[in-house]
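# A closer look at the structure
Here is how the chains run, residue by residue.
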Amino acid sequence: MSTTPKSDTITAAEVLITSPGRNFITLKITTAEGLVGWGDATLNGRELAVASYLRDHVAPLLIGRDPARVEDTWQYLYRGVYWRRGPVTMTSIGAVDMALWDIKGKTTGQPVYQLLGGAVRDRILTYTHATGWDVPQLLESIDARREEGFRAVRAQSGVPGLDTVYGVSRSGRGYEPAGRGAAPVEEVWDTDAYLRHAPKVLTAVRDHVGPELKLLHDAHHRLTPGQAARLGRALEDVDLFWLEDVTPAENQQVLRHVRQHTTVPLAIGEVFNTVWECQSLITEQLIDFVRTCVSHAGGISHLRRIAALAEIWQIRLGPHGPSDVSPVALAASLHVGLATPNFAIPGVHGLRTARARGVRARVVLRRRTSAPRRPARPRGRGGRNARRPFSVRTRLPAGRATARRLDDGLVRISPMTTPPTTLATPARLPRLDRSTAAASVLTPRRPPTETGIVHLGLGNFHRAHQAVHTAAALDHTDGPWGILGVAGRSVTVAEALREQQLRYAVVEISPSGTRVSVPAVHTGALVAAEQPDEVQDALAAPGTAIVTLTVTEHGYTFSPRTHGLDLDSPAVRADLRGDGPPRTTIGRIVRGLQRRVRTHARPLTVLSCDNLVGNGAQTRRLVHEFTEALPAAEREELLPWLARSVTFPSSMVDRIVPATTDVYRDAVADRLGVRDTVPVPAEPFSMWVMEDRFAAGRPRWEHGGALFTDDVEPYELLKLRLLNGTHSLIAYLGALDGRETIPDAIARPFIAEAARSVLHDDYLPSLTVPADIELEEYIGQLFDRWANTALGHRTRQVGSDGSVKLRQRVPEPALLHLRAGRMPHHLALTVAAYLCCVAPPSGFSPGPQAAAMADPAREPLAGLARSAPTGPRTAFVEAVLESGLLGDHLTDHPAFTARIADLIDIIVRHGPAAAAADATGGRTA
């Protein structure tokens, strides 16, 4: 007796948004058999509408369906709703259709064109764009395209008397139809000037290139029927391959008039979505080429129907293509082209570059000869830095930028949500430990047994950054560099690590997938509040050569005004008196140094890995100030040894590490088959820059991706301001806008624009860019990383502790601008948004994300807000700045105070988007 095998089913449908400023929308469909299909859903200018339609309406319908039933699914999605057709619907259906054809090809092991009937040609003619503001520049551009091998070129030029022309730049750079921003661009246009000029230009082009090159030209829907006929007649001797979009596509009847007056081949239809919109143009032979796009016209299945109708009437197919549809759509279009007899030509403009852009898995900056320091130039335009960019490895696909995933309401069935009869739940899996950690994910191959590093601050960042770099270094060169991790008060991580025999997973998250590794470098885990003597013994142990710190800016107990040790802190005073075990980080270090000098006096390095300006010098100053405040005998015992035997190198650390959730625990269970209660999520990017001043040796961290330099400060300020400072503004505006995650926030056009403005206009002029940083690449990486929705970094997490963070980031750049007579509007916006989050004015609710932000200054600031007089908020801001929140010197600039107050008022009355617009307007005024 035979049985029919069970069909594969769709188990997940994910929406990915990539390429900020253009927003390619990609649909990823996964089946129970593990097959993945990709579809393009890009609709230039309405990308997020399609993403929402896919996520909220289409994806739930796909789960459980048979991916092999491509036509049935197409009909189901098209006919299953009353409101059919339209660009959003058809683009969404097109993405599904492409993805299902992709899966069908992978199922059968054949290229899609074979499934469509096989190839009818061996190659496909393509065209690209050439533009020039004047004829010589256009001819130069065409010659460059011909040298690249193109045999067909679309030629567009400037028009005398017009300052701007759509699709043409004065610089002659490439045409980018999707790079025009969120709002429509208004341009002055002169049809008469265009009609006089275009024939002359195209005639000159034909004379220059000869008869062999195929020339195309686009009128961009600008002309009336009479004007279109006039242009067509004027271009007949030019021998165009086609004249595109001479009139608005929706007014199809007028093409009869154009057709009656010219023989120039006409192409139209890139804005059409169904065969019904093309029907009259095809059956009445009013055009020569139909331009419908595989994305916008319902995918491969529906484009084939349009092509079949067109073939009957001797109309050819020339699908609209890049760069405002993605490479996924181009690939689908080419498969259709190989199998379609009347397929003519697609465009491939915008895809010539092969440079990969994406989140960097690890950054390796190679040491080079010192170069003179010089100020950064605004917006990173040409000739900024050394030509040598940092060398990178990336696991993400090439493309313009990094993907981000729409998480809200995402329909995703993973193996962990299948019934327990088919797969064990995480609770039933064995615990991650030394016996269950697979060798294939373990680093280093020979875990250290000796402790050489004591780390204070056993949080997620340390375990995803220093521990990972150390594991990579020890994988290259063995050494006694095991890490004893010390938590301050929380026992959760330390207890879990002890239960797991000091093993845990790092889950690197990106839209291209998840990678899980297990860094095996810890030799112990303590809690300082519960095991103070063991911590002091570890700091004093002869084998300990390095003490590292990630205790956050708040953990250094320094004064916001003086940046010196906060001698008014009760915890600091108690540590100085020796009232029991030390409670502060600086107190623990100094008491450990005392025990060390009294036993063996071996040298030691204290390495801060926190986001402090000059963190090494800052830590040294705080340790010395604590020591100098001790009783005379203790001070005299410690200070001389401290000066000669303890070093405090500065460092810069960079990796986005969100909080641990069950999502990441499930990921470890799914991929490793073990249960880990304390995995660490992290982005693929990781960077570590240090001064090479270690008193008693160090691991070979350079083999783990770290850079050593004599001058860390430029790297540190670059990160503190461009990454951290901009990150803070994104978090505060996002929280006020109700956005839970940073990717959700940066997807909002007004927040993305505010981020670009504060980065380029307020922070960048205050920096000296290191010679081996390629600035444009670095900034591109930042926006890629913020857009990594797969990671889901929360606005409440990034926005917490702003009272400590902002004083490291805002005052110096703000003062630079103010002293030069410039108002740093977006730094003022940063402060205003922060205050609205943590000290909202009476009657104003900042929303749950802002309310969840932890901040040591929340109560004092809230008190100032409550006591502020009604009316203008200047008095409140004055009180805040006088409290020393941002140091002492900004109080000397009442205009900055007033600007912050104005922006607070706008946020309260009209919302964060209005405040961001006002900040931008103030800058351009």
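Residues numbered from 1 in each chain as written. Predicted model: local features only at pLDDT ≥ 70, side-chain atom pairs only at ≥ 80, totals over all residues. Heavy atoms only, no water.

Another point: empty space enclosed by the protein. Within this structure, the stated rule accounts for 3 cavities of 30 Å³ or more. By volume, the largest cavity is sized at about 110 Å³. Along its surface, the largest cavity is lined by 17 residues, and Gln156, Ser157, Val159, Tyr194 and His217 are the ones closest to its centre. Among the elements of the structure, β5 (152-157) and α6 (191-209) are those that each provide at least two residues to the lining of the largest cavity. Of all the elements, α6 adds the most residues to the lining of the largest cavity, at 5 residues. Considering only residue class, the lining of the largest cavity consists of 10 nonpolar, 6 polar and 1 charged. (1 Å grid on protein atoms, 1.4 Å probe; cavity = no way out; pocket = protein on both sides within 12 Å on 5 of 7 lines; lining within 4 Å. Points joined across faces, edges and corners; volume = space filled by probe spheres on them. Helix = DSSP H or I, 4+ residues; strand = E, 2+ residues; numbered from the N terminus. Nonpolar A, V, L, I, M, F, W, Y, C, P; charged D, E, K, R; others polar.)

Sheets are built from strands paired through backbone hydrogen bonds, the pairs being either parallel or antiparallel. Read across the open sheet, the 3 strands follow the order β23-β25-β26; overall the sheet is mixed. The two strands at the open ends of the sheet, each matched to only one other strand, are β23 (651-654) and β26 (707-708). Bridging between β23 and strand β25 (residues 687-690) involves 4 bridges; their strand directions are antiparallel. Bridged to Asp654 within β25 is Met687. (Pairing = 2+ DSSP bridges.)

The element strand β4 (residues 128-132) is extensively covered by neighbouring structure, given that 5 of its 5 residues are classed as buried. Across the two faces of β4 the burial is the same, with Thr128, Ala130 and Gly132 and His129 and Thr131 all buried. With 5 bridges joining them, β4 and β5 adopt parallel strand pairing. Each residue of the ladder has a partner; that of Gly132, found in β5, is Ser157. A crossover links β4 with its parallel partner β5, the connecting element being helix α5 (residues 135-147), and its sense is right-handed. (Buried < 20%, exposed > 50% of the residue type's maximum accessible area, 1.4 Å probe, protein only. Right-handed = clockwise from strand over helix to strand, strands pointing away.)

This structure, assessed with the given rule, holds 39 salt bridges. A salt bridge links Arg446 to Asp478, with the nearest nitrogen and oxygen atoms 3.1 Å apart. Placement of Arg446 in the loop between β14 (442-443) and β15 (451-456) and of Asp478 in the loop between α13 (466-476) and β16 (482-487) is noted, with a sequence separation of 32 residues between them. Owing to a relative accessible area of 51%, Arg446 belongs among the exposed residues under this scheme. Assessed through its relative accessible area of 47%, Asp478 is described here as partly exposed. With a closest N to O distance of 3.5 Å, Arg809 and Glu553 form a salt bridge. A residue pair is termed long-range when its members are at least 10 positions apart, and Arg809 in helix α26 (residues 802-809) and Glu553 in the loop between β20 (546-549) and α16 (570-577) qualify at 256 residues. Assessed through its relative accessible area of 6%, Glu553 is described here as buried. (Salt bridge = Lys/Arg side-chain N within 4 Å of Asp/Glu carboxyl O.)

Our next topic: the environment of His554. As for its placement among the helices and strands, His554 is situated in the loop between β20 and α16. Through-space distance from the C-alpha of His554 to that of Pro856 is 8.4 Å; in sequence the pair is 302 residues apart.

Attention now goes to the packing of helix α17 (residues 585-599) against helix α19 (residues 632-645). The N-to-C vectors of α17 and α19 enclose an angle of 85 degrees; their axes lie 10 Å apart at closest approach. Regarding the angle of α17 to α19, the classification is roughly perpendicular. Only Glu634, Glu637, Leu638, Trp641 and Leu642 of α19 make contact with α17, whose side of the interface consists of Val590, Arg591, Leu593, Gln594, Arg596, Val597 and Arg598. (Axes fitted to C-alpha atoms, helices over the stretch in contact; angles between N-to-C directions. Parallel < 35°, antiparallel > 145°, perpendicular 65-115°, else oblique. Contact = heavy atoms within 4.5 Å.)

Here the focus is the environment of Thr548. Residue position: Thr548 is located in strand β20. Since its relative accessible area comes to 3%, Thr548 is described here as buried. Along the backbone, Thr548 and Val454 are 94 residues apart, and their C-alpha atoms lie at a distance of 6.4 Å. The contacts of Thr548, once residues within four sequence positions are left out, are Ile453, Val454, His455, Leu456 and Leu607.

So, about α26. Think of an α-helix as 3.6 residues a turn; residues three or four steps apart then line up on the same face. For α26, a buried count of 8 out of 8 residues is recorded, marking the element as mostly surrounded by other parts of the structure. Listed as buried for α26 are Gly802, Ser803, Val804, Lys805, Leu806, Arg807, Gln808 and Arg809.

Moving on, we get to a positive patch on the surface. The grouping of Arg123, Arg151, Lys214 and Arg316 at the surface amounts to a positive patch. The residue Lys214 is located in strand β6 (residues 214-218) in this model. (Patch = residues over 30% accessible without salt bridge, like charges linked within 9 Å, V, L, I, M, F, W, Y side chains within 5 Å. Areas by Shrake-Rupley, 256 points an atom, 1.4 Å probe, with all protein chains shown as cover. Lys, Arg positive; Asp, Glu negative; His and termini not counted. Charge placed at Lys NZ, Arg CZ, Asp CG, Glu CD.)

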